Amino acid sequence: RVGRDARRPSGSSARPVRRTGRSVPSRAMDPGAWGYAPAGATSEDAAVVVSARDAKRLKEKLDAAGWLDRTRRPVTHPADDETGRPAAVAFPVLAGSLEGVREMARGDAGALAVCDAALPNLATPVDQRAAARASGGGANDTAGADRGVLPPPPPLDPDAPPLWPPPVPEAPARRDVARVRCPATAEAFAELARAAGGEPLVLTDVPMGNATTAWTPERFATCAEAGHLVDVHVCPPDADESGQRNSTGGPRAAPVVDLAGHRAPGTRRNFQFRAMPLAEFAARVVASGTKGGQTHRTSYPPVVAEGETYYLRSVADAKKKRTHVSSSFPSLASDLSPGALLPPLSFLYPEGGRDAEEEDKEPCGDETQQQTLYPRLAYHSSVLRVASRNVALWTHYDTHDNVLAQIAGRKTVTLWPPDCEPFMHCEGSSSRVADVAPELDTDPDFAERRRRRDAAAPSFAAVSGARRVATLEPGDALYIPALWFHHAHATPSDDEALGEKEKNDPWNGASVAVNVFWRCLPAADHDPGDVFGNRDPPAARRAADLAARAGAALASLPEPQRRFYARRAVKRLAEQLGYALDLP
């Protein structure tokens, strides 16, 4: 028996692997379909064949378990409609891992067969495009298509900052993000963004239909999607409920939602997921705010504890699909029209289809339709974001350009330019700096909080002052260029600082916004599987992997050879990009 249990009941579900509608059989396949032999009890040429659709996920699973054999190359196999063979990738696995690989294959529908496969060694020339696809680099990763020939390095750019060590970005002359009236066309906005030199912008008077007045809690409770289940982050109350200044740490920090992608590995999340109807969510958000120190009551019992807060980032109904406000909340989206934010539903689904197959296609539509701020064909996704008063979102960057359009409430967004990355203590797309309050740098009452911040993230102090700050009111939209770090914070709960308009806010200080993403690179350079707009391009991921392999290649050398050749490798990298190293 090879792979999954061949005696699985015939009625078990099949997993689609191709857009033609063919499915992975619910039993193990004969490895002979790909020209391989079944694996024996032991094998020096062990491999596992997986569906192409699941290749990246299962490669990461094999790698995490320590089963992937990195001395041999994976091999891709196209689909064969005549035999019913699905597109697949054969990954080499270590001989001693067969038992674990077999167990994994039995429980994973993406694993098709465990086999003997004489896959090529790393030193053997193979189709590099296929290897790039198999290793997660994507079909468009051609930078290493011919490892034997490198393009000539460009001439050194005398105006470019040194590659290493990274210069510390200077504090801006003006910390507040510039506010400009929203242009009428995507072309005019592109020119405005170019003139801003890559800086973020707050666009005012953004066309948003009547949403800024229509989107009330009552509207959320009575719209067609009121009963639609949404996945909500429920955050426990802060330990210090007083919110008063103290002698050691200053006022308590805002509750920060540490979404799954933003947490340090091995740490527990500080929220619970709870699916609830949109109407219930809106009622809970209003009740979670405070006015005059009093908590508004609701008929819904707390999920975690009294005083909990809530955060919603809408997701698609189908897993691993991009989300679109127009399809998830069509009646609410209609309030945003006419406007400059969302493409019409007819643009996303020109033939009226809304199934998962259609969502993976590039948007198609008539460019003569209503103008959007961004090039219509570059549209990626749109997200509804709602946060209780005083809730903040962890500092992170996105790999797509985007606008954060404020519909109700107020939001303060703090941003750092991409050149701050070496100082932001990053893992993935997230900064690990937990406390970014600006008062820590100037107010002695915050000395203890600053000490804790600097102990945990010592490099951040160098760029804390490089921040830009944008305050968004209803009708504003913040343009956030790709790779800019940003930390979004709903209106602080300080009634004395609020005007009469905010005291009468039906959302009770909560923030309601729509976040729209679009591609900033050619489509071929973005990861086609990027759902949230924050996955690094395949070329960048492959370069990082090659850098790690270069380090591993030098690790066997003793000192001073290891250090000597590592520096030469860094110099070679800089030269290949036309950058200089900052040497005295």
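Residues numbered from 1 in each chain as written. Predicted model: local features only at pLDDT ≥ 70, side-chain atom pairs only at ≥ 80, totals over all residues. Heavy atoms only, no water.

## Overview of the overall build of the chain
Defined as follows: Secondary structure is summarised from DSSP: a helix means a run of H or I of at least four residues, a strand means a run of E of at least two, and numbering begins at the N terminus for each. Note on classification: 1.4 Å probe, protein chains only; a residue is buried when its accessible area is under 20% of the maximum for its type, exposed when over 50%, partly exposed between these limits. By definition in these notes, contact holds between two residues if any of their heavy atoms fall within 4.5 Å. Note that accessible areas follow from Shrake-Rupley with a 1.4 Å probe, and for residues the cover is restricted to the protein chains shown.
The helix and strand inventory of the chain stands at 15 helices and 25 strands. Across the 584 residues of the chain, 44% fall into the buried class. Across the chain, contacts joining residues at least 24 apart in sequence account for 79% of those joining residues at least 6 apart. For the chain, the computed accessible surface area is about 28500 Å², with 53% contributed by carbon and sulfur atoms.

## Quick word on the confidence of the model for the chain
What counts, and what does not: The predictor attaches a confidence to each residue, called pLDDT, with possible values from 0 through 100.
Looking at the chain, the pLDDT average stands at 82 and 78% of residues meet or exceed 70. Note on residues 124-148: pLDDT is under 50 here. Beyond four places in sequence and across chains, it has 32 contacts.

## Focus: the pairing of strand E4 (residues 46-51)
Taken across its 6 residues, E4 has 6 buried, putting it largely inside the fold. The alternating pattern of E4 places Ala46, Val48 and Val50 and Ala47, Val49 and Ser51 on opposite faces, both of which are buried.

## With respect to the nonpolar core
Quick reminder of the rule: The term nonpolar core refers to a set of buried residues drawn from Ala, Val, Leu, Ile, Met, Phe, Trp, Tyr and Cys, joined through side-chain atoms within 4.5 Å.
Among the nonpolar cores identified, the biggest contains 52 residues, and Trp215, Phe281 and Leu341 are the most heavily contacted of them. Considering each element in turn, this core owes the most residues, 5 residues, to helix H7 (residues 278-288). Sequence-distant contacts of Trp215, defined by excluding residues within four places in its chain, comprise Phe220, Leu332, Asp335, Leu336, Leu384, Ile407, Ala408, Trp507, Val512 and Val514.

## A look at empty space enclosed by the protein
Rule in force here: A cavity, in this analysis, means grid points on a 1 Å lattice covering only the protein atoms where a 1.4 Å probe fits yet has no way out; a pocket is instead an open set bounded by protein on both sides within 12 Å along at least five of seven lines, and a residue lines either one if it has an atom within 4 Å of a point. Grid points are joined across faces, edges and corners, and a volume is the space filled by probe spheres set on the points. Each residue is assigned to one of three groups, with Ala, Val, Leu, Ile, Met, Phe, Trp, Tyr, Cys and Pro labelled nonpolar, Asp, Glu, Lys and Arg labelled charged, and all others, Gly among them, labelled polar.
Evaluation of the coordinates by the stated rule reveals 2 cavities of 30 Å³ or more. If you add up the space inside the largest cavity, you get close to 130 Å³. In this structure, the largest cavity is lined by 16 residues; those nearest its centre are Arg385, Leu393, Leu404, Lys411 and Ala488. Elements supplying a minimum of two residues to the lining of the largest cavity: strand E16 (379-387), strand E17 (392-393), strand E18 (401-408) and strand E24 (485-490). At 4 residues, E24 tops the list of elements feeding residues into the lining of the largest cavity. Its residues placed into classes, the lining of the largest cavity shows 9 nonpolar, 5 polar and 2 charged.

## Comments concerning the side chain of Thr414
Checked against the element boundaries, Thr414 lands in strand E19 (residues 411-416). For Thr414, a relative accessible area of 9% translates into the label buried. Sequence-distant contacts of Thr414, that is, excluding residues within four places in its chain, are made with Arg467, Arg468, Val469, Phe485, His486 and His487.

## Considering the packing of aromatic side chains
So the rule is basically this: Classification of ring pairs uses Phe, Tyr and Trp, with its six-membered ring standing for Trp, and accepts pairs whose centres are within 6.5 Å; under 30 degrees between planes counts as stacked, over 60 as edge-to-face, and the remaining range as tilted.
A complete count under the given rule lists 11 aromatic pairs for this structure. Relative to Trp507, the ring of Phe220 lies with its centre 5.1 Å away and its plane at 85 degrees, an arrangement referred to as edge-to-face. Here Phe220, found in helix H6 (residues 217-222), pairs with Trp507, found in the loop between helix H13 (500-503) and strand E25 (511-518); they are 287 residues apart in sequence, far enough to count as distant. Here the two residues Phe220 and Trp507 agree in accessibility, since each one is buried. Look at Tyr397 and Phe485: their rings are 5.4 Å apart centre to centre, the planes differ by 80 degrees, and that puts the pair in the edge-to-face class. On the criterion of sequence distance, the pair formed by Tyr397 in the loop between E17 and E18 and Phe485 in strand E24 is long-range, its members being 88 residues apart.

## Topic: helix H2 (residues 98-106)
Rules: Directions pointing from the helix axis toward each C-beta atom define the arc.
All of the buried residues along H2 are Leu98, Val101, Arg102, Met104 and Ala105. Buried residues along H2 cover an arc of 160 degrees about the axis, so they all sit on one side. In H2, those exposed residues whose orientation departs by more than 90 degrees from the buried face are Glu99 and Glu103. Where H2 is buried, its residues contact E4, helix H1 (55-65) and strand E7 (111-116).

## Regarding the pairing of strand E9 (residues 201-204)
Inclusion rule: A pair of strands is treated as paired once DSSP finds two or more bridges between them. For crossovers, right-handed means that the path from the first strand over the helix to the second runs clockwise, given strands pointing away from the viewer.
Both faces of E9 are covered, namely the face carrying Leu201 and Leu203 and the face carrying Val202 and Thr204. The pairing of strand E8 (residues 179-181) with E9 spans 3 bridges and is parallel. What sits directly across from Arg179, in E9, is Val202. Traced from E8 through helix H4 (residues 186-195) to E9, the parallel crossover comes out right-handed. Examined bridge by bridge, E9 and strand E23 (residues 477-480) share 3 bridges and lie antiparallel to one another. When the bridges of E23 are listed, Leu203 appears paired with Ala477.

## Topic: unusual backbone geometry
Both trends apply: most residues other than glycine have a negative phi, and most peptide bonds are in trans. A cis amide bond links Ser337 with the next residue in sequence, Pro338, at an omega value of -5 degrees. Its location among the elements puts Pro338 in the loop between helix H9 (330-334) and helix H10 (345-348). Along the chain, Glu559 connects to Pro560 via a cis peptide bond; the corresponding omega equals 10 degrees. Inspection of the secondary structure puts Pro560 in the loop between helix H14 (538-554) and helix H15 (561-577). Phi angles above zero are rare outside glycine, and Asp205 is one such case at about 55 degrees. Tracing the chain through its elements places Asp205 in the loop between E9 and helix H5 (211-214). Located in the positive-phi region is Leu483, a residue other than glycine, with phi close to 75 degrees. Position of Leu483 among the secondary structure elements: in the loop between E23 and E24.

## Quick look at the environment of Ala117
Within the fold, Ala117 resides in the loop between E7 and helix H3 (128-134). Dropping the residues within four chain positions of it, Ala117 is found in contact with Tyr36, Asp45, Ala47 and Arg72.

## Some remarks on the sheet that holds strand E15 (residues 309-313)
Defined as follows: Between the N-to-C directions of two axes lies an angle of 0 to 180 degrees, each axis being a line fitted to C-alpha atoms and, for a helix, fitted only over the stretch in contact.
Spatially, 9 strands are ordered E8-E9-E23-E18-E25-E16-E15-E10-E12 in an open sheet, and the strand pairing comes out mixed. Taken across any chain shown, the strands that pair with only one partner, and hence form the sheet edges, are E8 and strand E12 (272-277). Each strand axis lies, on average, 25 degrees off the axis of its neighbour in the sheet, ignoring direction. As defined by bridge partners, E15 adjoins E16 across 3 bridges and the pair is classed as antiparallel. Across the sheet, the residue bridging to Tyr311 is Ala387, located in E16.

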